[in-house]
Amino acid sequence: METTQQTDQRSAAERRRRELLEAADRVVLREGPGASMNAIAAEAGITKPILYRHFGDKEGLYSALAVRHTDALVSALRSALDAPAERRRRVEATLDTYLAAIEARPQVYRFLMHPSEGGTGGEPGFEAGQHSAPLLRRLGEELGKVIEERLELGPGGEERARVWGHGVVGMAYAAGDWWLRERPCSREQLVSQLADLLWGSLSMVEDRRGAPGL
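Residues numbered from 1 in each chain as written. Predicted model: local features only at pLDDT ≥ 70, side-chain atom pairs only at ≥ 80, totals over all residues. Heavy atoms only, no water.

Counted according to the given criterion, the structure contains 18 salt bridges. Note that glutamate 86 is salt-bridged to arginine 89, the shortest N-O span being 4.0 Å. Judged by relative accessible area, which is 43%, glutamate 86 ranks as partly exposed. With a closest N to O distance of 2.7 Å, arginine 187 and aspartate 96 form a salt bridge. Of the two residues, arginine 187 sits in helix H9 (residues 187-202) while aspartate 96 sits in helix H5 (residues 87-104), which places them 91 residues apart along the sequence. (Salt bridge = Lys/Arg side-chain N within 4 Å of Asp/Glu carboxyl O. Buried < 20%, exposed > 50% of the residue type's maximum accessible area, 1.4 Å probe, protein only. Helix = DSSP H or I, 4+ residues; strand = E, 2+ residues; numbered from the N terminus.)

Here the focus is the confidence of the model for the protein. Averaged over all residues, the pLDDT of the protein equals 85, while 85% of them reach at least 70. The spread of mean pLDDT over the elements of the protein runs between strand E2 (residues 206-207), the lowest at 68, and helix H8 (residues 157-182), the highest at 94. (pLDDT = per-residue confidence, 0-100.)

This paragraph deals with helix H4 (residues 58-81). The end-to-end C-alpha distance of H4 is 34 Å, a good match for the 34 Å that 24 residues give at a rise of 1.5 Å each. In this structure aspartate 57 caps H4, since a side-chain oxygen of it lies 3.1 Å from the backbone nitrogen of glutamate 59. (Expected span 1.5 Å × (residues − 1). Polar contact = N/O pair within 3.5 Å; in protein donor to acceptor, adjacent residues only side chain to side chain.)

Turning our attention to the packing of helix H2 (residues 37-44) against helix H3 (residues 48-55). H3 packs onto H2 with a crossing angle of 100 degrees between their chain directions and a minimal axis gap of 9 Å. Taken as axis vectors, H2 and H3 run roughly perpendicular relative to one another. Only Lys48, Leu51 and Tyr52 of H3 make contact with H2, whose side of the interface consists of Met37, Asn38, Ile40 and Ala41. Residues of the contact of H2 with H3, tallied by class, amount to 5 nonpolar, 1 polar and 1 charged. (Axes fitted to C-alpha atoms, helices over the stretch in contact; angles between N-to-C directions. Parallel < 35°, antiparallel > 145°, perpendicular 65-115°, else oblique. Contact = heavy atoms within 4.5 Å. Nonpolar A, V, L, I, M, F, W, Y, C, P; charged D, E, K, R; others polar.)

Looking now at the packing of H4 against H5. Packing of H4 against H5 brings their axes to within 8 Å, and their N-to-C directions diverge by 155 degrees. When the interaxial angle is binned, H4 and H5 end up roughly antiparallel. As for how H4 packs across H5, the hand of that crossing is right-handed. Contacts between H4 and H5 involve Leu73, Ala76, Leu77, Ala80 and Leu81 from the first element and Arg90, Ala93, Thr94, Thr97, Tyr98 and Ala101 from the second. Residue composition of the contact of H4 with H5, by class: 8 nonpolar, 2 polar and 1 charged. (Left-handed = near helix turned anticlockwise from the far one by under 90°.)

Let's shift gears to helix H7 (residues 132-150). Helix length check: H7, at 19 residues, gives a terminal C-alpha distance of 27 Å against a target of 27 Å (1.5 Å per residue), a fit within 8%. For H7, every residue scored as buried is listed here: Ser132, Leu135, Leu139, Gly140, Glu142, Leu143, Gly144, Val146, Ile147 and Arg150.

A word on the packing of aromatic side chains. What the rule picks out here adds up to 1 aromatic pair. Judged by centre distance (5.6 Å) and plane angle (45 degrees), the ring pair of tyrosine 62 and phenylalanine 111 falls under tilted. Highlighted residues: tyrosine 62 in helix H4 and phenylalanine 111 in helix H6 (residues 106-113), separated in sequence by 49 residues. The two residues tyrosine 62 and phenylalanine 111 agree in class, both being buried. Here the guanidinium or amino end of arginine 88 rests over the ring plane of tryptophan 199, the centre of that ring lying 5.9 Å away. The lysine or arginine in question, arginine 183, covers the ring of tryptophan 179, its NZ or CZ lying 4.6 Å from the ring centre. (Phe/Tyr/Trp six-rings, centres within 6.5 Å; stacked < 30°, edge-to-face > 60°. Lys NZ or Arg CZ within 6 Å of the ring centre and 35° of its normal.)

Attention shifts here to the side chain of glutamate 92. Here glutamate 92 shows up in helix H5. Leaving out residues up to four positions away in the same chain, glutamate 92 has contacts with Val191 and Ala195.

Here it is as C-alpha cells:
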C-alpha cells in the first residue's frame, strides 16, 4: 500500500511533469517542429539533463505532448458529437472542432503531424510518418468507439464503426492539412463540403436509443 510520503512524491512528480509539458507547449507554439530540447529546458528554467531525466529524449517528450493534445482533442470531439442538436449539425460541429483546433495552433499541429520538418541544433527531425501515423490511428479508434456508441449499425456494427472512424479521421486529416497550407476556402465552406461528403451514409442509420445528445 502506498504511503503518504510516496503519494506526495508521486503528486509532486506529476505536477512537475505537467509544468515541463506546459513549458514545452510554449516553445512549440513559437517554433513548431524546430523546437529543441535546449530551448524547452531554458523555457522551463532547468538544464537539459533534467529534462532528459523526465522524458528520456526528444521522442519521449514528443510522445508525452502527443498524448496531452490527443486527449484534449478527443474530449472536444466527443463534446461536439454529444451536443443536443440534429445529427447533421453534430457532424458539422465535429468537423469544425477539429479544423478549429489545427487552425488555432498551427505550430503545435506541425510539431505533432509534420515533425520531420523541424530539426535544429543537432537534433534531427523525426522520420515522416513514424510518429504522426500512431496519432491518426488512435483518433480513428476513438472516433470508431464514439460512432458505435451512438449509432445503431446493426450486425457487424463494431467493424463498420471502426471503418467509418478511421475513414473520417483520414479524410479530415488530409483535407485539413491541405486547407491549412493553402487556405483555398473558408473553414465554414470546408466543413459544409466535408459534411456533404459524409452525409450519404450517416443519414441512413438510426441513432442508438438513449445515446448522448438525444
